[in-house]
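# Tertiary structure, described
Spelled out from the first residue to the last, the chains are:
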Amino acid sequence: KIIATVVSLIIALLGCFFGYKLSKLFMSLTGLLIGGIIGGMIGSQFFDGSSGIIAVCALVGAAILSILAYRIYQAGIFLLCFGLSFMAAASILPFTGDIQFFLSVVAGFIVGSLALKFIRPVIIITSAIVCGSSAAGCLTVLGQYMDMELLTAYPLLLTVIVIALGALVQFLTTSGGKH
């Protein structure tokens, strides 16, 4: 568990502090994930639960959407911010089931649409919030493993500090020009 937490922490910190610079990579990964889900859903609808065919559909969907997300910058921006916002909304909404899914999709569409107009600030803020929250959670877990009260005493404060530092670093180390 410690190794998985450290790996998750490293990925989360990269996203928190370098999310804008790594946005094309994250776009491709988000396209891969969303494409796999969509492909799997399509496969299960049309091929009556044949797991091999569903897996092939998921792989084809993942490959297509990953390539499109990387190649078509606007679609990638939308998918990246949609995916990050969807995950954040799903984790904080007090609802469950269909309502949570619907509201998470709405949040994803709103943030994804805003990202098309305000690319740099939305990617920076979204990646700092989502990845910073994950990083703070990983630090808290590591603090529990290592019996470090400093990391476990104030998890909300730790989260706010990591998010603020991540956003600040990204705003200071990137320019407002074309990405």
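Above this text you will find the structure in question.
Turning to the overall build of the chain, a few remarks are in order. Regarding its fold elements, the chain presents 8 helices and 0 strands. Along the chain direction, N to C, the helices and strands of the chain fall in the order α-α-α-α-α-α-α-α. Computed over its C-alpha atoms, the radius of gyration of the chain comes to 18 Å, within 12% of the 16 Å expected for a compact globule of 179 residues. Considering only C-alpha atoms, the chain reaches an extent of 55 × 40 × 30 Å along its principal axes. Across the 179 residues in the chain, those meeting the buried criterion constitute 39%. Partitioning the intrachain contacts of the chain with sequence separation of at least 6 by distance along the chain shows that 72% fall at a separation of at least 24. As displayed, the chain has an accessible area near 10500 Å², and 76% of this comes from carbon and sulfur atoms.

A separate point is helix H8 (residues 155-173). Taking 1.5 Å as the rise per residue, H8 with 19 residues should run 27 Å; its terminal C-alpha atoms sit 27 Å apart, in good agreement. All buried positions along H8 are accounted for by Leu-158, Thr-159, Val-162, Ile-163, Gly-166, Ala-167 and Gln-170. Along the axis of H8, the buried residues cluster in a sector spanning 155 degrees; they form a single face. On its buried face, H8 is in contact with helix H1 (2-18), helix H6 (119-145) and helix H7 (149-152).

Most often, soluble globular proteins have nonpolar side chains that are buried together. Within the largest apolar cluster, 15 residues are counted, with the highest numbers of intra-cluster contacts made by Ile-77, Leu-80, Cys-81, Ala-115 and Ile-123. For this core, the elements supplying multiple residues, two or more each, are helix H2 (23-46), helix H4 (73-92), H6 and H8. At 5 residues, the largest contribution of residues to this core is made by H6. In contact with Ile-123, other than residues within four places in its own chain, are Gly-19, Tyr-20, Ser-23, Ile-77 and Cys-81. Residues Cys-138, Leu-139, Leu-142 and Leu-158 belong to the second largest nonpolar core, which totals 12 residues.

The next subject is the packing of H4 against H6. Direction vectors running N to C along H4 and H6 enclose 30 degrees, while the axes themselves pass 10 Å from each other. The angle between the axes of H4 and H6 places the two elements in the roughly parallel class. Pair H4 / H6 crosses with left-handed handedness. Two secondary-structure elements touch here, H4 through Tyr-73, Gln-74, Ile-77, Cys-81, Leu-84, Ser-85 and Ala-88 and H6 through Ile-119, Val-122, Ile-123, Thr-126, Ser-127 and Val-130. Along the lines of polarity and charge, the residues of the contact of H4 with H6 split into 9 nonpolar, 4 polar and no charged.

Rules used in this analysis
- Residues numbered from 1 in each chain as written.
- Predicted model: local features only at pLDDT ≥ 70, side-chain atom pairs only at ≥ 80, totals over all residues.
- Heavy atoms only, no water.
- Helix = DSSP H or I, 4+ residues; strand = E, 2+ residues; numbered from the N terminus.
- Rg over C-alpha atoms; globule rule 2.2 N^0.38 Å.
- Buried < 20%, exposed > 50% of the residue type's maximum accessible area, 1.4 Å probe, protein only.
- Contact = heavy atoms within 4.5 Å.
- Areas by Shrake-Rupley, 256 points an atom, 1.4 Å probe, with all protein chains shown as cover.
- Expected span 1.5 Å × (residues − 1).
- Arc of directions from axis to C-beta.
- Core = buried A, V, L, I, M, F, W, Y, C linked by side-chain atoms within 4.5 Å.
- Axes fitted to C-alpha atoms, helices over the stretch in contact; angles between N-to-C directions.
- Parallel < 35°, antiparallel > 145°, perpendicular 65-115°, else oblique.
- Left-handed = near helix turned anticlockwise from the far one by under 90°.
- Nonpolar A, V, L, I, M, F, W, Y, C, P; charged D, E, K, R; others polar.

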